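Working through the structure, step by step
Each chain is listed here by its residues.
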Amino acid sequence: MYRLIRPLLFTLDAETSHRLTLGLLHAGSRFPGAMALARRLLAAKIPELPVNVMGLRFPNPVGLAAGLDKEACCASGFHDIGFGFVELGTVTPRPQPGNPRPRLFRLTTHTAIINRMGFNSGGLDTFLVNLRRTQRHGLIGVNLGKNKDTPADRAIDDYLTGMRAVYPYADYITINISSPNTPGLRDLQEANALDALLAGLRDEQERLAISHDRRVPLALKIAPDLDEASIDAVAGLLLTHQFDAVIATNTTTQRPGLDSEPLARETGGLSGLPLKPLSTRVIRRLYATLHGRIPIIGVGGIFTAEDAWEKLVAGADLIQIYSALIYRGPDVVHHIVSGLADKMHAVGVASLDEAIQRTRHGSVA
Ligand SMILES: Cc1cc2nc3c(=O)[nH]c(=O)nc-3n(C[C@H](O)[C@H](O)[C@H](O)COP(=O)(O)O)c2cc1C
């Protein structure tokens, strides 16, 4: 079906087709019959492949990455096409328009996307109205950012405002310090700044856990452009502060293998196929320090079950996709989950986790 619609969507400007797709999903979710049909056609085909991570039970390990549903309009629709979890946002405390258009580019020959959206956000108020209305069909993560005009030394205030607002509605919360499109944001990954940030966030998490009588896990989303020493420093700080998870990675400012691509000169973060080895490198390096003590959510260039398996074996516990959904359509979720189930059966065990452990530790090729 998506094979028929894709040529039409790809003739439209990237952001227009993105809005159209979300609009259709939103409209569909208002008709119970339409979403029941989506569930029957897509989600029902997906095998159960449960994993337990961050104290949560995920029906399968394939999630929607942040950035597609920034206004929290369509979570149930994404669950109905089979995602094991959905990450909404990035949302900033106050509304902001993001960068001027055009700001989203498809590099079709390279199965990639460049975006410099710049946290276009309706702000927390609109986000919460939508989130409260959402029918819960699965696990929801909320990804938080800072406003562009919030000074760097006050960044933590924006994250704390976001945490307090979304805490009652989120299954986990992501702190996004790795978008390349908000000036200065990535500097928060530097060790001293990160130490102070993580300490403040964890204190607030403890307070909120008591006042809400529920502990919501916190994940940190990092960039693929960190050098080895910086990845090690981030991993060390995650352990020191006992963070609940790390998401690796966001988009890259590098342009690997794109010398002959004119659109590669566009400023912004690159996602899709060329990002794959960069994000896997970060996951592998994180795992070398973390050794499973803090779960890793792997994201970047995953299109197939083979790509997902590579991330899991490198150290990830869950994975997320974004560009694959744009290029391959909703059926990609089914393909990846079914392919992972086949991998698990080939190892001859009854849980995905065990299949990964065995492969990681070399008892399986
Ligand atoms: C158009 C676009 C917008 C994005 N917006 C966000 C965002 O708001 N917050 C975020 O954490 N990541 C954002 N991302 C990054 C994705 O969540 C993901 O980390 C990245 O695209 C790599 O995954 P992929 O190769 O499967 O696309 C965005 C990606 C794209 C393509």
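Here is a short report on the structure shown in this document. Predicted model, so just to flag it, every value in this text is computed and none were measured. (Residues numbered from 1 in each chain as written. Predicted model: local features only at pLDDT ≥ 70, side-chain atom pairs only at ≥ 80, totals over all residues. Heavy atoms only, no water.)

**Describing the environment of Glu 310**
- Its location among the elements puts Glu 310 in helix α10 (residues 305–314).
- C-alpha separation for the pair Glu 310 and Thr 280, spaced 30 residues apart in sequence, amounts to 7.8 Å.
- Ignoring any residue separated from it by four or fewer positions in sequence, one finds Glu 310 in contact with Lys 276 and Thr 280. (Helix = DSSP H or I, 4+ residues; strand = E, 2+ residues; numbered from the N terminus. Contact = heavy atoms within 4.5 Å.)

**Things to note about the site of the ligand**
- In the neighbourhood of the ligand, 23 residues make up the surrounding shell, with Ala 66, Lys 70, Thr 90, Gly 301 and Ser 323 lying closest.
- For the ligand, an oxygen atom lies 2.7 Å from a polar atom in the backbone of Ala 66.
- Within the backbone of Tyr 322, a nitrogen or oxygen atom sits 3.0 Å from an oxygen atom of the ligand.
- For the ligand, whose unbound accessible area comes to 600 Å², protein coverage reaches 98%.
- Within the residue set of the shell around the ligand, elements represented by two or more residues are β6 (112–115) and β11 (269–272).
- In terms of residue class, the shell around the ligand is made up of 8 nonpolar, 13 polar and 2 charged. (Near = heavy atom within 4 Å. Polar contact = N/O pair within 3.5 Å; in protein donor to acceptor, adjacent residues only side chain to side chain. Areas by Shrake-Rupley, 256 points an atom, 1.4 Å probe, with all protein chains shown as cover. Nonpolar A, V, L, I, M, F, W, Y, C, P; charged D, E, K, R; others polar.)

**A look at the packing of helix α5 (residues 123–133) against helix α6 (residues 155–166)**
- Where α5 meets α6, the closest approach of the two axes is 11 Å, and the angle between their N-to-C directions is 20°. Judged on the interaxial angle alone, α6 and α5 are roughly parallel. For the pair α5 and α6, the crossing hand works out as right-handed. Counted together, Leu 124, Phe 127 and Leu 128 of α5 and Thr 161, Gly 162, Ala 165 and Val 166 of α6 form the full contact between these two elements.
- Its residues assigned to classes, the contact of α5 with α6 shows 5 nonpolar, 2 polar and no charged. (Axes fitted to C-alpha atoms, helices over the stretch in contact; angles between N-to-C directions. Parallel < 35°, antiparallel > 145°, perpendicular 65-115°, else oblique. Left-handed = near helix turned anticlockwise from the far one by under 90°.)

**Quick notes on the side chain of Arg 106**
- Relative to the assigned elements, Arg 106 resides in strand β5 (residues 104–107).
- Despite its burial, Arg 106 remains without a salt bridge, the nearest opposite charge being carried by Asp 13 at 7.1 Å.
- Within the structure, the side chain of Arg 106 is placed 3.2 Å from the backbone oxygen of Leu 9, a separation counted as a polar contact.
- A distance of 3.0 Å separates polar atoms of two side chains, one belonging to Arg 106 and the other to Ser 17.
- Those residues within four positions of Arg 106 in sequence are excluded, and the remaining contacts are Leu 9, Phe 10, Leu 12, Asp 13, Ala 14, Ser 17, Ala 112, Leu 263 and Tyr 327. (Buried < 20%, exposed > 50% of the residue type's maximum accessible area, 1.4 Å probe, protein only. Lys, Arg positive; Asp, Glu negative; His and termini not counted. Salt bridge = Lys/Arg side-chain N within 4 Å of Asp/Glu carboxyl O.)

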